[in-house]
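# Descriptive analysis of the structure
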Amino acid sequence: MPKLYKDILYLIFQELQDNKETLYSCLFVDKTWCETIIPILWKDPWKFLKNGCKLRKRELLLNLINSNLSDESKNKLGQYFNFSYKKPLFNYVSYCKHLNLIEIKKIINNDTLIIQLEIINLLINENTKFTHLYIPKQFNYQINLFPGFQNCFSNIVFLSCSSNIGDNVLDGLSKICKSIKELELIIDENNNNCDIIKLIDIPTNLINVRLLIKYDFYIHINYEPFHKILEKSLMKHSNTIRYLKITKQPTLMILSSFIYLIRLELDCSCLGSRHYQWNCLENLSLPFLQILKARYVPIKPITNLIENTSGSLDEIKIDYTYHSENDNKRIIQVIYHNCSNLKYLTLVIKSNNLIELEKLLITCKYLIKLNILTDDRVFDWNNLFDLLIRLSPITLYKFKFYNSYVSPDLDSLKLFLDNWKGRNSLLLKFNMDINDEYSDLIEKYKAEGVINKFDYYS
């Protein structure tokens, strides 16, 4: 019975693995809860370094890692660290399933080779099984020569690395990448290793691929041959790949090969990627596509892609895509004609096209979240709020409003919130300038239960 109790607790806490505040509070309930939660928190400790006081968090994490070093290693590193702290109650590093060598390099903040090698040697051993591996740019350590390498990475399912990786490291990775299901390749501006395709060719069940270009300017180097090699290799997995993210227009017409895609993300945030026309989307048909995200991609080919779907889309996110009023009208029309099952929508809505938004709200009856981006210097907030009150489906309660020029007046917002009473409490985000009067109004409706959570970004 105690084991069953612990197994049930583990399943519950697994559902809360991204809610660190709740997990932290549960740590202090009793010994069983603590012993169940610690492995979940330490499965990927690096993710907690992303926000807040990074320097302090990195220092604390490094101290915990160092506390698990052997006496021999501590003697070697005595000139670099103070090892006066006590040995912890748990062997925290043994619970790690994500080996993030990128973050390790950052937290060490020191190019001294001996420090990096001792910590990597601590983490790679016969008793640990990693599932995720992140390798930094210009990483030259042959981790395949560390004792326990094969056992440590025999169950690897995720790999992130740079395309300029050295041959020695690449040779080691190719021995353990057969089980990889998710691959993230960071494409650099020079010294790309064409043998990187081994990491694409060898996996037998590649499901999720992200090709991320990191150069920002129009560098006069011909990258086409390298991109063609990558894309041809990717096409061999067209039957298994379900999730794809790319940050430049493909060199070859490869997207039509991935007919089983569930999620497609096109992110041209890099300056050098924004001049592409994306004509490859014009006649593209992805009948199983459920999630489409596009940033800095021309609106017309995106509109055509949505029009060619078979009604399977339930999430559309299109931002940083500036376009005319007519183009805006057409994409809204295409969405409500072809995406009646839509649940999540992020889209620019121009003031003169609110009548089209009205039709969308009537047709898309399963909406949960609506992010409205406006770039109009004059925007009819009164009309928008009236539409949302009259026509929002019962499922819709998450809103984000963005306008860098004009905010809704207090009376309009107050009327909207008054009329929302009795419905699901709002999750509300504002990306615009608001003053203390807005804040006071928001707090009033939070106290009344009309607003559940409010976030504000200037």
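Here's a quick rundown of the structure. Since we're looking at a predicted model, the values are computed, not measured. (Residues numbered from 1 in each chain as written. Predicted model: local features only at pLDDT ≥ 70, side-chain atom pairs only at ≥ 80, totals over all residues. Heavy atoms only, no water.)

## Notes on the overall build of the protein
- Helix and strand counts for the protein stand at 17 helices and 14 strands.
- A burial count over the protein gives 48% of its 458 residues as buried.
- Excluding contacts between residues fewer than 6 apart, the proportion of contacts in the protein whose partners are at least 24 apart in sequence is 71%.
- In the structure as shown, the protein presents an accessible area of about 22700 Å², 50% of it carried by carbon and sulfur atoms. (Helix = DSSP H or I, 4+ residues; strand = E, 2+ residues; numbered from the N terminus. Buried < 20%, exposed > 50% of the residue type's maximum accessible area, 1.4 Å probe, protein only. Contact = heavy atoms within 4.5 Å. Areas by Shrake-Rupley, 256 points an atom, 1.4 Å probe, with all protein chains shown as cover.)

## What about a positive patch on the surface?
- Taken together, the side chains of K317, K369, K429 and K453 make up a positively charged region of the molecular surface.
- Tracing the backbone shows K369 in strand β11 (residues 369-374).
- The exposure class assigned to K369 is partly exposed, which follows from its relative accessible area of 30%. (Patch = residues over 30% accessible without salt bridge, like charges linked within 9 Å, V, L, I, M, F, W, Y side chains within 5 Å. Salt bridge = Lys/Arg side-chain N within 4 Å of Asp/Glu carboxyl O. Lys, Arg positive; Asp, Glu negative; His and termini not counted. Charge placed at Lys NZ, Arg CZ, Asp CG, Glu CD.)

## A closer look at unusual backbone geometry
- Its identity as a non-glycine residue notwithstanding, W278 has a phi of 55 degrees, on the positive side.
- Taking relative accessible area as the criterion, W278 reaches 0% and is therefore assigned buried.
- Positive phi, normally seen in glycine, also occurs at Y296, with a value near 60 degrees.

## A word on the environment of C194
- Secondary-structure assignment places C194 in the loop between β4 (182-187) and α10 (198-201).
- Residue class for C194 comes out partly exposed when judged on its relative accessible area of 37%.
- Along the sequence, C194 and E358 sit 164 residues apart, while their C-alpha atoms lie 51 Å from each other.
- For C194, the residues in contact, after removing those within four places along its chain, are F226 and I229.

## Overview of helix α16 (residues 410-420)
- All of the buried residues in α16 are S412, L413, F416, L417 and W420. Considered in projection along α16, the buried side chains sweep an arc of 130 degrees and stay on one side of the axis. Seen from the buried face of α16, the exposed residues on the opposite side, beyond 90 degrees, are D411 and L415.
- Along its buried surface, α16 packs onto α15 (381-391), β12 (398-403), β13 (426-431), α17 (436-447) and β14 (451-457).
- Backbone nitrogen of D411 and a side-chain oxygen of the N-cap are separated by 3.1 Å at the start of α16; the cap is D409. (Arc of directions from axis to C-beta. Polar contact = N/O pair within 3.5 Å; in protein donor to acceptor, adjacent residues only side chain to side chain.)

## Topic: the packing of α15 against α16
- For the pair α15 and α16, interaxial distance at closest approach is 10 Å and the crossing angle is 5 degrees. Relative to α16, α15 is oriented roughly parallel. Of the residues in α16, those touching α15 at N382, F385, L388 and I389 are S412, L413, F416, N419 and W420.
- When the residues that make up the contact of α15 with α16 are grouped by side-chain class, the tally is six nonpolar, three polar and no charged. (Axes fitted to C-alpha atoms, helices over the stretch in contact; angles between N-to-C directions. Parallel < 35°, antiparallel > 145°, perpendicular 65-115°, else oblique. Nonpolar A, V, L, I, M, F, W, Y, C, P; charged D, E, K, R; others polar.)

## A few points about the packing of aromatic side chains
- Counted by the stated rule, this structure contains 19 aromatic pairs.
- Residues F90 and Y92 carry aromatic rings whose centres are separated by 5.8 Å and whose planes lie at 55 degrees to one another, so their mutual orientation is tilted.
- You can call Y92 buried: its relative accessible area is 14%.
- Seen in terms of ring centroids, F379 and W381 are 4.9 Å apart; in terms of plane orientation they differ by 70 degrees. Their pairing is edge-to-face.
- Classification of W381 as buried rests on a relative accessible area of 5%.
- Among the aromatic residues, those joined into a ring-pair cluster are F379, W381, F385, F399, F401, F416, W420, F430 and F454.
- Positioned above the aromatic ring of W420, the side-chain terminus of R423 is 4.7 Å from the ring centre.
- The side chain of K444 reaches across the aromatic face of Y445, ending 4.2 Å from its centre. (Phe/Tyr/Trp six-rings, centres within 6.5 Å; stacked < 30°, edge-to-face > 60°. Lys NZ or Arg CZ within 6 Å of the ring centre and 35° of its normal.)

## Here we look at the pattern of salt bridges
- Per the stated rule, a full pass over the model turns up 18 salt bridges.
- Its salt-bridge partner being E103, residue K106 comes within 3.8 Å of it at the nearest N-O pair. Taken together, the residues K106 and E103, both in helix α6 (residues 101-108) and three residues apart, mark about one turn of the helix.
- Looking at K106, the relative accessible area reads 41%, which means it is partly exposed.
- By relative accessible area, which is 12% here, E103 ends up buried.

## Focus on the side chain of N328
- Within the element layout of this structure, N328 appears in helix α13 (residues 325-338).
- Judged by relative accessible area, which is 0%, N328 ranks as buried.

## A word on helix α12 (residues 299-307)
- The element α12 is largely enclosed, with a buried count of seven among its nine residues.
- Buried-residue contacts for α12 involve β7 (263-267), β8 (291-295), β9 (315-319) and α13.

## Section: the nonpolar core
- The biggest cluster of nonpolar side chains holds 138 residues, and the ones touching the most others in it are I306 and F401.
- Residue contributions to this core peak at six residues, all from α15.
- Residues from two domains meet in this core; each of domain 1 (1-42) and domain 2 (273-406) gives at least three.
- Every residue in contact with I306, bar those within four places of it in the chain, is listed here: L292, L313, I316, I318, I331, V334, I335, N338 and C339. (Core = buried A, V, L, I, M, F, W, Y, C linked by side-chain atoms within 4.5 Å. Domains from an automatic or database assignment.)

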